[in-house]
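Listed here are the chains, written in short residue letters.
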Amino acid sequence: MPWHRSRLFLGGETMVADVIVDVKAKPVNRPFTYRIPPELVDVIEPGMRVVVPFGSRKLLGYVVTVRDDEDTDFELKEILGTNDLVPSLTPELIQLAKDLAEDTASFYISCIQAMLPVAIKAEYRKWLIPKADNLAPQVASYFQNRQRVRAEEVRSEDLPAMKRAIKAEQVELVYEVKDRASIQYDTYLRLVDADLEKVKQAKKQQLVLSYLQSCGRPVLKKEVQKALQVSDSVIKALIDKGCVVEEQVESFRTPYGDIKRRDQRHELNEEQRRAYETIAPKIKAQEPTTFLLHGVTGSGKTEVYMHLIEAVLEEGKEAIVLVPEIALTPQMVFHFKSRFGHQVAVLHSGLSIGEKYDEWRKIRQGKVKICVGARSAIFAPFTNLGLIIIDEEHESTYKQEDMPRYHAIEVAKRRQAYHRCVLVLGSATPSLESYARAMKGVYQLVELQHRATSTPLPNTQIVDMTLEAKKGNLSIISDKLYQTILDRLKKDEQVILLLNRRGYHHFILCRSCGYAMMCENCDISLTYHKRIQRLKCHYCGYETKPPKVCPMCGSEHISGFGYGTEKVEEELRQLFPDTTILRMDVDTTRRKGAHERILRQFREKKAHILLGTQMIAKGLDFEDVTLVGVLMADTTLKLPDFRASERTFQLITQVAGRAGRHREQSDVIIQTYNPHHYAIQAASQQNYKAFFYQEMRIRRLGRYVPYYFMCQIVIASDTLQESYRQGERIVRFLKESLSSESILLGPVIPQVGRLNNQYFTHVIIKYKREPQLKSALEQILMTYSSGSVHVAIDLYPTFLV
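Residues numbered from 1 in each chain as written. Predicted model: local features only at pLDDT ≥ 70, side-chain atom pairs only at ≥ 80, totals over all residues. Heavy atoms only, no water.

Enquirer: Mind laying out the overall build of the protein, listing which residues take part and the relevant values?
Expert: Helix and strand content of the protein: 22 helices and 36 strands. Compactness check: the protein gives a C-alpha radius of gyration of 31 Å against a globular reference of 28 Å for 801 residues, within 12% of the reference. Projected onto its principal axes, the C-alpha positions of the protein cover 85 × 75 × 65 Å. Intrachain contacts of the protein at a sequence separation of at least 6 include 74% that bridge at least 24 residues. In the structure as shown, the protein presents an accessible area of about 36900 Å², 49% of it carried by carbon and sulfur atoms. Across the protein, the 112 positively charged side chains and the 99 negatively charged ones have centroids separated by 3 Å. (Helix = DSSP H or I, 4+ residues; strand = E, 2+ residues; numbered from the N terminus. Rg over C-alpha atoms; globule rule 2.2 N^0.38 Å. Contact = heavy atoms within 4.5 Å. Areas by Shrake-Rupley, 256 points an atom, 1.4 Å probe, with all protein chains shown as cover. Lys, Arg positive; Asp, Glu negative; His and termini not counted. Charge placed at Lys NZ, Arg CZ, Asp CG, Glu CD.)

Enquirer: Describe helix α13 (residues 432-440), and please don't skip the residues or the numbers.
Expert: Looking at α13, one finds that the buried residues are Leu 432, Glu 433, Ser 434, Tyr 435, Ala 436 and Ala 438. On its buried face, α13 sits against β14 (290-295), β19 (422-427), β20 (444-448), α18 (644-656) and α20 (688-702). Positive backbone phi, approximately 90°, marks Gly 441, located one or two places after α13. (Buried < 20%, exposed > 50% of the residue type's maximum accessible area, 1.4 Å probe, protein only.)

Enquirer: Quick one: what's the story with the pattern of salt bridges, residue by residue and with numbers?
Expert: A side chain of one charge can pair with a side chain of the opposite charge if their charged atoms are brought near each other. Here the structure, examined in full by the defined rule, presents 51 salt bridges. The salt bridge partner of Asp 641 is Arg 647, with a shortest N-O separation of 2.9 Å. For Arg 647, a relative accessible area of 17% corresponds to the buried category. Each of Asp 492, Glu 493, Lys 605, Asp 624 and Arg 663 takes part in a single network of salt bridges with overlapping partners. (Salt bridge = Lys/Arg side-chain N within 4 Å of Asp/Glu carboxyl O.)

Enquirer: Account for the nonpolar core, with residues named and values stated.
Expert: In terms of nonpolar packing, the biggest core is built from 90 residues, with Ile 390 and Ile 496 touching the most fellow members. Looking at which element gives the most residues to this core, the answer is helix α1 (residues 91-104), with six residues. With residues near it in sequence (within four places) discarded, Ile 496 still touches Phe 602, Leu 610, Ile 616, Phe 622, Val 625, Leu 627, Val 628, Gly 629, Val 655 and Arg 658. Ranked by size, the runner-up nonpolar core spans 29 residues in total, among them Ala 280, Leu 293, Met 306 and Val 446. (Core = buried A, V, L, I, M, F, W, Y, C linked by side-chain atoms within 4.5 Å.)

Enquirer: Explain the confidence of the model for the protein to me, using residue names and the numbers behind them.
Expert: With 95% of its residues at a pLDDT of 70 or more, the protein shows a mean pLDDT of 88. Long-range and interchain partners of residues 1-12, a stretch whose pLDDT sits below 50, account for 41 contacts in this model, where long-range means more than four residues apart. (pLDDT = per-residue confidence, 0-100.)

Enquirer: Hey, could you go over the side chain of Glu 571 for me, with residue numbers and the actual values?
Expert: Here Glu 571 shows up in helix α16 (residues 565-575). Buried and unpaired, Glu 571 has no salt bridge, with Lys 567 as the nearest side chain of opposite charge at 5.9 Å. At 2.3 Å, the side chain of Glu 571 forms a polar contact with the side chain of Ser 475. At 3.0 Å, the side chain of Glu 571 and the side chain of Tyr 563 are in polar contact. For Glu 571, the residues in contact, after removing those within four places along its chain, are Ser 475, Ile 476, Ile 477 and Tyr 563. (Polar contact = N/O pair within 3.5 Å; in protein donor to acceptor, adjacent residues only side chain to side chain.)

Enquirer: Which residues make up the sheet that holds strand β30 (residues 625-630), and what values go with them?
Expert: Hydrogen bonds along the backbone pair up the strands of a sheet, which may run parallel or antiparallel. With respect to topology, six strands assemble into an open sheet ordered β21-β31-β30-β22-β29-β28, the strand pairing being parallel. The sheet is open, and its two edges are formed by β21 (459-464) and β28 (581-584), each paired on a single side. Averaged over all neighbouring strand pairs, the angle between strand axes comes to 15°, with direction disregarded. As judged from the four bridges shared by strand β22 (residues 494-498) and strand β29 (residues 609-612), these two strands associate in the parallel manner. The partner of Leu 497 across the bridge, within β29, is Leu 611. With respect to the sheet, helix α15 (residues 479-490) is in contact with β21, β22, β29, β30 and β31 (667-672), its orientation differing from that of β30 by roughly 160°. (Pairing = 2+ DSSP bridges. Axes fitted to C-alpha atoms, helices over the stretch in contact; angles between N-to-C directions.)

Enquirer: Requested: an account of the packing of helix α21 (residues 720-737) against helix α22 (residues 773-784), with residues and values cited.
Expert: Running from N to C, α21 and α22 cross one another at 150°; their axes reach a closest spacing of 11 Å. α21 and α22 meet at a crossing whose hand is right-handed. Seen from α21, the contacting residues are Gln 726, Arg 729, Ile 730, Phe 733, Leu 734 and Ser 737; seen from α22, they are Ala 776, Gln 779, Ile 780 and Tyr 784. Class assignment of the residues belonging to the contact of α21 with α22 gives a composition of six nonpolar, three polar and one charged. (Left-handed = near helix turned anticlockwise from the far one by under 90°. Nonpolar A, V, L, I, M, F, W, Y, C, P; charged D, E, K, R; others polar.)

Enquirer: Quick one: what's the story with the side chain of Arg 583, residue by residue and with numbers?
Expert: Mapping Arg 583 onto the fold places it in strand β28. In this view, Arg 583 contacts Thr 565, Glu 566, Glu 569, Thr 588, Ile 598 and Leu 611; residues no more than four positions away in its chain are not counted.

Enquirer: Can you break down the state of the cysteines residue by residue, with the values?
Expert: Scanning all chains against the criterion turns up zero disulfides. Cysteine Cys 243 remains unbridged, with the sulfur of Cys 215 as its closest cysteine sulfur at 16 Å. Cys 243 gets classed as buried once you look at its relative accessible area, which sits at 0%. Here Cys 711 is not cross-linked by a disulfide; its sulfur's nearest cysteine counterpart is in Cys 111, at 16 Å. (Disulfide = S-S within 2.5 Å.)

Enquirer: Quick one: what's the story with the sheet that holds strand β3 (residues 32-35), residue by residue and with numbers?
Expert: Spatial ordering of the open sheet is given by β3-β2-β5-β4-β7, a layout of five strands whose pairing is antiparallel. Each edge of the open sheet carries a strand with a single partner, namely β3 and β7 (81-82). Here strand β4 (residues 49-54) runs beside strand β5 (residues 57-68); their pairing, made up of six bridges, is antiparallel. Among the inter-strand pairings, Arg 49 is bridged to a residue of β5, identified as Tyr 62.

Enquirer: If you had to explain the packing of aromatic side chains to someone new, which residues and values would you point to?
Expert: Tallying each qualifying case throughout the model produces 15 aromatic pairs. Each ring, one from Tyr 435 and one from Phe 692, has its centre 4.8 Å from the other, and the planes form 70°; the classification is edge-to-face. Note that Tyr 435 is positioned in helix α13 and Phe 692 in helix α20, a separation of 257 residues in sequence. On the basis of relative accessible area, Tyr 435 is assigned to the buried category, the value being 1%. For the pair Phe 692 and Tyr 693, a centre-to-centre distance of 5.2 Å together with 75° between the ring planes defines the contact as edge-to-face. Looking at Phe 692, the relative accessible area reads 3%, which means it is buried. An aromatic cluster is present here, built from Tyr 435, Phe 649, Tyr 678, Tyr 688, Phe 691, Phe 692 and Tyr 693 joined pairwise through their rings. (Phe/Tyr/Trp six-rings, centres within 6.5 Å; stacked < 30°, edge-to-face > 60°.)

Enquirer: I'd like to hear about the packing of α13 against α20, residue by residue, with values.
Expert: The N-to-C vectors of α13 and α20 enclose an angle of 100°; their axes lie 11 Å apart at closest approach. In terms of axis orientation, α13 runs roughly perpendicular to α20. Facing Leu 432, Tyr 435, Ala 436 and Met 439 of α13, the residues of α20 in contact are Tyr 688, Lys 689, Phe 691, Phe 692, Tyr 693, Glu 695, Met 696 and Arg 699. Looking at the contact of α13 with α20, its residues break down into nine nonpolar, no polar and three charged. (Parallel < 35°, antiparallel > 145°, perpendicular 65-115°, else oblique.)

Enquirer: So what about the pairing of β30? Which residues, and what values?
Expert: With six of six residues buried, β30 lies mostly within the body of the structure. Bridge count for β22 against β30 is five bridges, and the pairing is parallel. Looking at β30, one finds that Leu 498 is bridged to Val 630. Bridge analysis of β30 against β31 gives four bridges, and the strand direction is parallel. For Gly 629, the partnering residue across the bridge sits in β31 and is Ile 669. Each parallel crossover has a hand, and the one from β30 via α18 to β31 is right-handed. (Right-handed = clockwise from strand over helix to strand, strands pointing away.)

Spelled out as structure tokens, the structure:
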């Protein structure tokens, strides 16, 4: 990556910093060199955030190296200031960002920002400051009794006049880099002089002095006021008399602070102990080994994780634990906070900006040893990692779909190599890639084949919904499932129902002309949400009112088709009117804390039926759940993607594992229109190996992963024609650049060819070894991404639709 210097003549030696500036553009996707001013020479370190001049602006930048300047012919622009007292990035993360940018064909700044909490990313403000007295009235009106004005306040009709004033140097445009970070402080009272003579006429002041003296330490101001029922004026009087001083002490927002530490260490059973004894020695020996922990649902993988973390803490090291869904985080956090208390930090998108910032600071300052979180927690700034655990490793949510398009497992492998630590990938349904690597010895396979509670796996039945229709039952609830739910409710047991589709109706269709209501911005039908009486696009967020007549032909015969969780909830309330039902999907969990609230209500048996999308399928453990129903097993099976069968098998197997974890005589009922499909048959038998070998045969025939690596090139443009033409040019270039052993597919327009008014074309490369690939991809990014055409490279594609 080349360095950029902008110099004027200068003699003498100086210290310089190479800085990545906060601009996402190809021409500036490289470090820029700035002179460090003398007063900051002993302050600036690699990893710090600094404010630098860039053109006419001030920008936030990240220092990647500090060094002596060897070239003294020209003067460098100077760093204006620093936003940090200690570096935000560790040396490891600086190098990781550089490697990640190269691996994923992403901007360096995007990779850096992916590692940091939103709170410390820059917020840029533009201020207008008057510099002359004779301003035009149109301009002067903005500065009445004001020293400066936000540029955003200028009305569009006044912009030409303001621009003329700036050009004439009557008004100055100043850029300000504002830090979003806000550190929270608590106010403490510290006793300085306990002489009661100074306050002999004031009984409340005497009370405060006596209280502080009895405590013998600084006390929270609000604690004093609550205990003694005294006002601010009493405290202020003591401060004025020199008896007490206020001290501001930095505090941390603490999500999940109500979880109390409990000594609930469970002894491992024989199978768990063997798994632990296989992995733990590698931690102590600092051997960077990758383990695939394949355990059936309910086999106690979490308890193995916690015992391994105990071994890590005994070595004085740190651990990262990743979970794939925010919905899983509360339960996993409860387990780890109960066991390890204040040593645990939590990082996921469900926290507020301030909470995430404080949890990140705890890690950066070495106040915690364990981080539990979703995908981005893989970048937790630990400096002495001993263990990385990725639970439910097969989940596609570990892949970032925006720039940088990284996969958490691949990032974990880089951190594993740097720290020489152990990586554990855990799942009841491992991805085919991971299990194939375990079969070849690339990963070390550790298996848990029995449930930790010794309860048997649930009885599973497949219901053919075509037969239900022939019997006249057009409901989404089969007779068998209905009767079984009734039985469980009578026994005061609980039921989980899975439907991996939210909303009320899939789409709105005119029966007269066949017109379907489509999104204005995307090539996708709108989903009807009855509660809010809106049609919504689940891709771009566009929404509109449902029509009463067909917009095309005027017919009144326009109505909804298909089931979503909202409609199923309504039907369940009609079928079981005396039962409390909880629904858990994106629509019901938008608010902060909604995941925890719904799961807590179900755990406390305030509801007997939990209906949800895939967020309820994994990792949840409820004692009284003895029935799981999969309402439409075909939802993912018919997607035009080579992983459709794998995802169907994983989803059914995972949700089936929620049943009977603590009770015998549990059941799983799978409703499907494809009862003989091998993915559904294998899932009903909880037979991973049968599915694995069948699917591997199909993958080999189709030349898909894990037999081939895959790369997806995504071309986006304002017009379909330009997007497709650019795809054709890229394919011609690749045919000339790559070896004949690589397979090229495309250009092809995906199933959803337009999103947010951007048209997409895909090109797929399949390869086993392709030495020219990296240079070819770099050339494509430099040559074919310009103007209205944007080209993105995805080396770890999870969806090919």
